[in-house]
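Listed below, chain by chain, are the residues.
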Amino acid sequence: MAAAGIKLHPACRVRRERFGLLFYDSRGPRLLFAETGSLLAPDYFESVRSRQDLPEGLSAQQKKVLQNFITKLLERGFLREQ
Amino acid sequence: MSNKFVEQGLRSPVNLTWEVTLACNLRCRHCLSSSAEPAANELNTAEALALVEQLHQEGVFQINFGGGEPFMRPDFLQILDACHARGIMTCISTNGTLITPELVEQLSRTRLVAIQVSLDGAEKSTCEAIRGKGTFEDAIKALELLTLSPIPTSINTVLTKENADEIQAMQQLAEQLGVTLRISRFRPSGRGADNWEELRPSPSQLLAFSAWLAENNNVRTGDSFFSLTSQERQGLGLNLCGAAKLTCCVSPTGMVYPCAFLQSDRFEAGDLRQNSFKEIWDNSEIFESFRGLRIHSCEDCQRFDQCHGGCPAVAYHLKDDIQGGDPECLERCVTSIADDRKKSNAA
């Protein structure tokens, strides 16, 4: 059985903004403003991937911040595990 | 508290209202756009499809289709398909009269559409007094058809003097039908301006509605009542006017405005036949003025952080002063009721 991966929830969308990423959940609707700068591109969330699968070239600190951020997105329903 | 990211300016709206046609088979007394016949020179199919592509390129998440009755437009399904093919989510406001099993089946093929059916009373007579004969049954039939499908469906009710006492019953009706209830604010634009005094909810009705909303968090209002809602409820959404910041409106002829309730020459941000959507969003002076709008006259109010002055469209239509603060905000309702009591006691 394949390991669970994460992906953007079908009711959600994400796009790049100057501050980082803007998430939209049509079920609310509600927004999430993420000051991620250029650490993550919106298409990161478009396909199923492991939670540990982060872009290359990040420092350990940046990886930790992003992993916490991904956990928060999961808790808030913007991402789902599948 | 305001949102610093919104104030810095987003690269495009999060969602927008697109009134695809002025054609409508009903003549509702509160209609915000006086819909009846199609407007001369409405965007043709090619122009509409080109706009969908522009909105996709700009990253608009959702288009809320209204009118008029969107399904009166012969190419409406083509426009919807173009949105869904690009992953744009859509929400359609309809009067329900043209909803058929075949149409529901066709719309069910995508998971990107939601539908709001207008219903303005839990009692047939209340609804028909606002929307016309036969509208209650047509809307119920449409809702029953839609509940057989996977399409997220809601009842959309405009709060008026005539239906304010039926809101609890509206919610019960929605629950019986298996749909959600969304309540919108009545604003004095279009035919709504002509019938404003007859239909506007009284301050005591607004106050009662505000209390009811606080107890019913599953009822949606969009941002319509952000000037009336409790602090707890505001956690569900933003607490400021999103016009020109998070949203805007495209008219049937391709004119762009800050919101659907400000579709007049004075608030024209641009013409999509002259400029691209991005040019209008980035460069319109009207949009800039809305992004910088501060309702200073409300800054000393204890509720300022909760509503930031309320709805500029209501302030404009009732006081011709977009900076004057919302004349029907919660504070003003309370003051108005207190003033009336004083007058009646004095008499």
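Rules behind the numbers
- Residues numbered from 1 in each chain as written.
- Chains lettered and ligands numbered in written order.
- Predicted model: local features only at pLDDT ≥ 70, side-chain atom pairs only at ≥ 80, totals over all residues.
- Heavy atoms only, no water.
- Helix = DSSP H or I, 4+ residues; strand = E, 2+ residues; numbered from the N terminus.
- Buried < 20%, exposed > 50% of the residue type's maximum accessible area, 1.4 Å probe, protein only.
- Contact = heavy atoms within 4.5 Å.
- Areas by Shrake-Rupley, 256 points an atom, 1.4 Å probe, with all protein chains shown as cover.
- Lys, Arg positive; Asp, Glu negative; His and termini not counted.
- Charge placed at Lys NZ, Arg CZ, Asp CG, Glu CD.
- pLDDT = per-residue confidence, 0-100.
- Buried area = accessible area lost by both parts, 1.4 Å probe.
- Salt bridge = Lys/Arg side-chain N within 4 Å of Asp/Glu carboxyl O.
- Nonpolar A, V, L, I, M, F, W, Y, C, P; charged D, E, K, R; others polar.
- Pairing = 2+ DSSP bridges.

When helices and strands are counted, chain B shows 16 helices and nine strands. Summarising its shape, the C-alpha atoms of chain B cover approximately 65 × 45 × 35 Å along the three principal directions. Taking all 347 residues of chain B together, 58% fall into the buried category. For chain B, the share of sequence-separated contacts (at least 6 apart) that also reach a separation of at least 24 residues comes to 69%. For chain B, the computed accessible surface area is about 14,800 Å², with 48% contributed by carbon and sulfur atoms. A gap of 2 Å separates the mean positions of the 32 positive and 45 negative side-chain charges of chain B.

Okay, the overall build of chain A next. The secondary structure content of chain A amounts to one helix and five strands. Across chain A, helices and strands are ordered from the amino to the carboxyl terminus as β-β-β-β-α-β. For chain A, the spread of C-alpha atoms along the three principal axes comes to 40 × 35 × 20 Å. Sorting the 82 residues of chain A into buried and exposed places 45% on the buried side. Across chain A, the fraction of contacts at a sequence separation of at least 24, relative to all contacts at a separation of at least 6, is 50%. Measuring between centres, the 14 positive side-chain charges of chain A sit 3 Å from its 9 negative side-chain charges.

Next up on the list: the confidence of the model for chain B. Mean pLDDT over chain B stands at 93; residues scoring 70 or higher make up 96%. With pTM at 0.93, the complex prediction returns an ipTM value of 0.91.

On to the confidence of the model for chain A, then. Averaged over all residues, the pLDDT of chain A equals 90, while 96% of them reach at least 70. Within chain A, strand E4 (residues 30–34) of chain A has the poorest average pLDDT of any element, 91, and strand E2 (residues 12–17) of chain A the best, 96.

So, about the interface of chain A and chain B. Between chain A and chain B, the contact holds 18 residues from the first and 24 residues from the second. For the pair chain A and chain B, the summed buried surface comes to about 1,600 Å²; carbon and sulfur atoms form 57% of the total. Sorting the residues of chain A by area buried against chain B places Arg13, Arg15 and Tyr24 of chain A first, and these three jointly supply 39% of that buried surface. Counting across the interface, chain A meets chain B through one salt bridge. For glutamate 35 of chain A, the salt bridge is made with lysine 4 of chain B, and the minimal N-O distance between the two is 3.6 Å. Breaking the side of chain A that touches chain B down by element, the ones donating at least two residues are E2, strand E3 (20–25) and E4 of chain A. For the side of chain A that touches chain B, the leading source of residues is E2 of chain A, giving six residues. Considered class by class, the residues forming the side of chain A that touches chain B number nine nonpolar, two polar and seven charged.

On to the sheet that holds strand E7 (residues 249–250) of chain B, then. Residue and element names in this part refer to chain B. Strand order across the open sheet formed by nine strands is E6-E5-E4-E3-E2-E1-E7-E8-E9, with mixed pairing between neighbours. The outermost strands of the open sheet, each flanked by one partner alone, are strand E6 (180–185) and strand E9 (270–271). Where E7 and strand E8 (residues 255–257) come together, two bridges link them in antiparallel fashion. If you follow cysteine 249 over to E8, its bridge partner there is tyrosine 257.

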